[in-house]
Structures are given as structure tokens and as C-alpha cells.
Amino acid sequence: VLLQAIFPVSSELTANPKYKITLAKTISYFLRYILLITAPMATILALFSKPLILTFSRPEYLGSVSLFPILATASIVFSLGSIFYQTLFALKQTKSYRNIMIFSTIIFLSASIPLTYIFSELGMAFSVLIFSIFYSALSYLTIRKLIKISIPILSLTKIIVSTIISMAILYLLDQINS
């Protein structure tokens with residue numbers, strides 16, 4: 001939901017002549033909040049994938065437990081990259097917007113065919129992660145050329161560390177109760 005909100009907000013900000021400063025701050029805020037939401041959710045999916053699969057599906061799908069950490073990481077990276085990607089369109093950088101998606105898709109297809117052939121579903125999961133990394137990195141690098149973005153490293157580190165600590169405690173409590 002937050003990712004869908006970045007486009008109208010960034011579009012409105014570009015109407016202001018001094019939009020670059022305000023837009024950079026807004027992107028910084030969005031990065032924090034997206035990570036604050038996605039990191040715990042993705043970590044819960046990764047750590048408790050077996051009970052989640054059994055709750056929402058059938059035991060035959062337990063083989064996909066190993067895919068959850070990879071796909072959870074890919075979802076975090078993709079979410080963060082989408083902030084930059086959506087902002088490109090708001091900045092009327094349609095060629096860059098298009099080229100990033102085309103290049104990322106080519107990377108995905110180039111990686112997915114051999115990786116899926118060799119490693120099956122694990123190869124496809126890694127292909128999704130590779131796509132997410134390229135998509136996010138290209139989006140960030142393109143935005144960085146246009147506006148001066150300061151990534152709130154300290155805030156993001158605090159969110160990641162607190163998520164790791166919280167999930168470690170939950171995981172230990174789960175292991176004790178098992």
C-alpha cells in the first residue's frame with residue numbers, strides 16, 4: 001500500500017520548483033517505513049515458513065520451506081527498489097523507467113533459464129533475488145543522478161538490528177516450546 005502511495009506524492013512534489021530537496025526527504029521517509037514493515041514480515045515468513053505452510057496449505061508443499069528465506073529477501077530488496085523506480089516515473093524519466101525494467105527482465109530471463117534447469121525451484125528463487133537486486137540497484141543509481149538522496153543508514157540499521165533481535169527471541173521461544 002505504501003509503495004502505491006509514493007507515485008502521487010512524488011508527482012505532486014515535482015510541481016514545486018524546489019522539489020529535489022523535499023523529494024529526497026520523502027524518499028528517505030518511505031525507505032524507513034517500507035523497511036520497518038517489510039523486514040519483520042519477511043523475517044517471520046523466513047523463520048516460520050513451515051508452520052505457515054501447514055496453516056495455509058497442505059503438507060505436500062513443505063518442500064518449499066527452503067525457498068522462503070530467499071524469496072523473503074527478494075521481496076525486501078524489491079520493495080526498497082520500487083520506491084526509486086516509482087519516483088523515476090514521477091520525475092518523467094520514462095526512458096530510464098522503461099530501460100530499467102527491460103534490462104532487469106533480460107537479466108531475470110538470462111539467469112532463470114540456466115539456474116532453473118540446474119537447481120529447479122531453488123534456481124528460480126535465486127533468479128527472482130537476482131532480478132530484485134538489479135532492479136533496485138539500477139533504480140537507485142538512476143535516481144541518484146537526478147536528485148541528491150541521503151539514505152538514512154543509521155535508521156535502517158536500527159530497524160534491521162531490532163528486527164533480527166526480535167526474530168531471534170521469537171525463534172528461541174518457538175524452539176523452547178517445541
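Participant: What should I look at first to understand the nonpolar core in this one?
Facilitator: Proteins that are soluble and globular tend to have nonpolar side chains buried together. Counting 27 residues, the largest nonpolar core has Ile27, Leu35, Ile83, Phe84 and Ile143 as the members making the most contacts within it. Elements with a contribution of two residues or more to this core: helix H1 (2-13), helix H2 (19-47), helix H4 (67-90), helix H6 (121-146) and helix H7 (153-177). Ranked by residues supplied to this core, first place goes to H2 with 8 residues. Residues Leu67, Ile70, Ala74 and Ala125 belong to the second largest nonpolar core, which totals 5 residues.

Participant: How do you make sense of the side chain of Ser49 when you look at a structure like this?
Facilitator: Summarising the element assignment, Ser49 is placed in helix H3 (residues 49-56). Overall, Ser49 belongs to the buried group, its relative accessible area being 2%. Beyond its immediate stretch of four places on either side in the chain, Ser49 contacts Ile44, Val65 and Phe68.

Participant: What is the right way to read the environment of Ser28 from this model?
Facilitator: In this structure, Ser28 sits in helix H2. Overall, the relative accessible area of 6% leaves Ser28 in the buried class. Along the primary structure Ser28 and Ile149 are separated by 121 residues, whereas in three dimensions their C-alpha atoms are 7.5 Å apart. Filtering out sequence-adjacent residues up to four positions away, Ser28 remains in contact with Ser150 and Pro152.

About the criteria used
Residues numbered from 1 in each chain as written. Predicted model: local features only at pLDDT ≥ 70, side-chain atom pairs only at ≥ 80, totals over all residues. Heavy atoms only, no water. Core = buried A, V, L, I, M, F, W, Y, C linked by side-chain atoms within 4.5 Å. Buried < 20%, exposed > 50% of the residue type's maximum accessible area, 1.4 Å probe, protein only. Helix = DSSP H or I, 4+ residues; strand = E, 2+ residues; numbered from the N terminus. Contact = heavy atoms within 4.5 Å.

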